Amino acid sequence: MPGPRDHDRLWRAPRPQRRAESPGSRRTDERGGHGPRAGLTPASSGFRSAPDGGWNAGGELSRCFTRRKAACVKIGPAVDSPGIHGPPARPDTKVPRMTAHKPLALTAATIAAAMALAACSGGASTDPNTIEIGSLYEPVNLSNIAGGGQGVTEALNGNVYEGLFSLADDGTIQPQLATSYDVSEDGLTYTFHLRDGVTFSDGSAFDAADAVHSINRVLADDSQSARKSQLAVINSVEATDPQTLTVTLSQRSISLPYNLSYLWMVPEGFDSQTETDGTGPYTLDAWTKGSTLALKARDGYWGDAPKNDAVTFHYYTDATAMTNALSAGDIDIIMSLQSPDALATFQGNSDFVVSEGTSTTKELLAFNDAQAPFNDARVRQAIYSAIDREKLLESIWGDAGQVIGSMVPPSDPWYEDLTSVNPYDPERSKSLLAEAGAEGLSFTLDTPSYDPHPTVAEFIKSELAKVGVTVTINTITADEWYSKVYKEHDFQATLQEHVNTRDVVWYGNPTFYWGYNNEAVTALVDEAEQASTEDKQTEKLRAANEQIAADAASAWLYLYPQIVVARSNVSGYGVNGLNSQFVVSGISKN
């Protein structure tokens, strides 16, 4: 079973303000989902904490690391969960920092003024070889096994660190530091052939001993890595020779190459939360906590040289501030737009390119399926069919995003449109509630205090009142959600965002926080992981997902839009942001 991502999303930007409706602008694709809106052009190729104790890496790092002064960061306990959004100190979560005031709505006048200033200032950077990137997700630390959060993925994965395999922007798994591999007939032994001539940023050579260390540190008892539970099938890891790695499993795991794409290769003996030493095209230049993280292209990289000399990630604590920064010319690109009000302005301005990619972030109404009343599938189905998901999505994102009917997004190989399984139908809801003897039902909805959950909760409360269900909203912090919901399972229903690809398999784990327990589904998920071919894996997981959807194990509300906005002189960036990564080596600026 998958665990949380070792470097996943930390926090979600403040709730977007409602946009003016754009009738007829939402298109439905052949699968029933919503395709790109007209006018979206594919790319061609608040509270800010003070920088109290930033530090500078100052150059190439060596294996004998020098301790540098850094700002204090509170590191929370580990979470072994699949891309759940939660407090910044935990791996797999995407949670906004708590601020005393919500940001002001971004107005056309604000944007116009910012753009006028940008025209005077001449753009984001005077250096055409430095790319300035806006992000809401600053790392907690720089480790993939210590709860670094989504910001670690964005800034370091594929940039400073590389794996044996990589997850491409189209969702395919590509060889990286492993050029090829062989699998024994019984599927229990993998032999990986490693790329020759690869060095770490400290100049030392990468070999199989480093790969052994990199895998074992993820499997260690004190590791908070997301891949730890998925890689528990590994019995042994051996450096057969400097360029050959042998991994022995306790049972088949067809997802092994995919799971290994998450694992950074680090030098033997390396383990740091404040310094970096990877095989990627960049090395850390400076990290000023609460402000920026800068990377610089390094010499001696084994692959193609980056198309820029340096990249700086600028961290913001609300979406409006970040959007204003792009408008004002302070940054070149926003990896994931969170200000719907600003979208129309950017689309109509030739100085910017707006691209809509593929999202994997799902907004869920999760039930405690192990306890009454939600241990009855009819009650879950009734709740699901009482919610107008189209209206909910439009109230937050206008014509962007996509209504979904299961945990599986279109980018997963086993996707199929299941929105009709539990359609919006209040009369169906009333009938199911009566059949289940649950008329007059009331329950408590534990709602994370960060956006968009409070808005979603109020919408659900209003919708369910129409079918005679009373909802009490209990607002909780991210830390409370982690302890009360995730760890103790002390809840009736809750809201949360799940960000990973291929995470439907969590419904095969009865001990997961939502408590869904269907023996047939568990068997299908296990069989899928032990399948001998990808076609058989897809067949099993599609069957499992159909049953999960029929049971309404959760209420999958919508898929977040993935919108990238860049200045028109910037090209070469990915638009999908799968699993929160953002590879920067191909980006250039005219």
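For the structure, check the block above.
Residues numbered from 1 in each chain as written. Predicted model: local features only at pLDDT ≥ 70, side-chain atom pairs only at ≥ 80, totals over all residues. Heavy atoms only, no water.

A. Summary view of the pairing of strand E5 (residues 178-183). Sheet analysis places E5 next to strand E6 (residues 189-194), joined by 5 bridges and oriented antiparallel. Within E6, the residue paired with Tyr-181 across the bridge is Phe-192. Counted between consecutive antiparallel strands, the loop separating E5 from E6 contains 5 residues, among which Gly-187 sits at a positive phi close to 75°. (Pairing = 2+ DSSP bridges. Helix = DSSP H or I, 4+ residues; strand = E, 2+ residues; numbered from the N terminus.)

B. How the structure looks around the pairing of strand E17 (residues 470-476). Bridge count for strand E16 (residues 442-448) against E17 is 7 bridges, and the pairing is parallel. By the bridge assignment, Asp-446 is partnered in E17 with Asn-474. Traced from E16 through helix H10 (residues 453-465) to E17, the parallel crossover comes out right-handed. (Right-handed = clockwise from strand over helix to strand, strands pointing away.)

C. Seen up close, the nonpolar core. Leu-365, Ile-383, Phe-443, Tyr-507, Trp-514, Trp-556 and Leu-557 are the most contacted members of the largest nonpolar core, which has 85 residues in total. The contact partners of Leu-557, leaving out residues within four places of it in the chain, are Glu-363, Leu-364, Leu-365, Ile-387, Arg-389, Leu-392, Val-403, Ile-404, Val-456, Ile-460 and Leu-495. Listed in part, the 31 residues of the second largest apolar core include Leu-164, Phe-192, Val-198 and Phe-206. (Core = buried A, V, L, I, M, F, W, Y, C linked by side-chain atoms within 4.5 Å. Buried < 20%, exposed > 50% of the residue type's maximum accessible area, 1.4 Å probe, protein only. Contact = heavy atoms within 4.5 Å.)

D. Structural view of the packing of aromatic side chains. For the structure shown, the criterion picks out 27 aromatic pairs. Each ring, one from Tyr-181 and one from Phe-192, has its centre 5.7 Å from the other, and the planes form 40°; the classification is tilted. Pair noted here: Tyr-181 is in strand E5 and Phe-192 is in strand E6, with a separation of 11 residues, a long-range link. By relative accessible area, Tyr-181 is classed as partly exposed at 35%. A relative accessible area of 0% places Phe-192 in the buried class. For the pair Tyr-513 and Trp-514, a centre-to-centre distance of 5.2 Å together with 45° between the ring planes defines the contact as tilted. Under the relative-accessibility criterion, Tyr-513 is labelled buried at 1%. Trp-514 sits in the buried class, given a relative accessible area of 0%. Over the face of the ring belonging to Tyr-258 we find Arg-502, whose NZ or CZ atom lies 4.4 Å from the ring centre. (Phe/Tyr/Trp six-rings, centres within 6.5 Å; stacked < 30°, edge-to-face > 60°. Lys NZ or Arg CZ within 6 Å of the ring centre and 35° of its normal.)

E. Spatial organisation of the environment of Glu-132. Along the chain, the position of Glu-132 falls in strand E2 (residues 130-135). According to the relative accessible area criterion, Glu-132 is buried, its value standing at 9%. Between the C-alpha atom of Glu-132 and that of His-314, which follows or precedes it by 182 residues, the distance is 7.1 Å. A polar contact of 2.6 Å, which involves the side chain of Glu-132, links it to the side chain of His-314. (Polar contact = N/O pair within 3.5 Å; in protein donor to acceptor, adjacent residues only side chain to side chain.)

In short, geometric facts, not functional conclusions.
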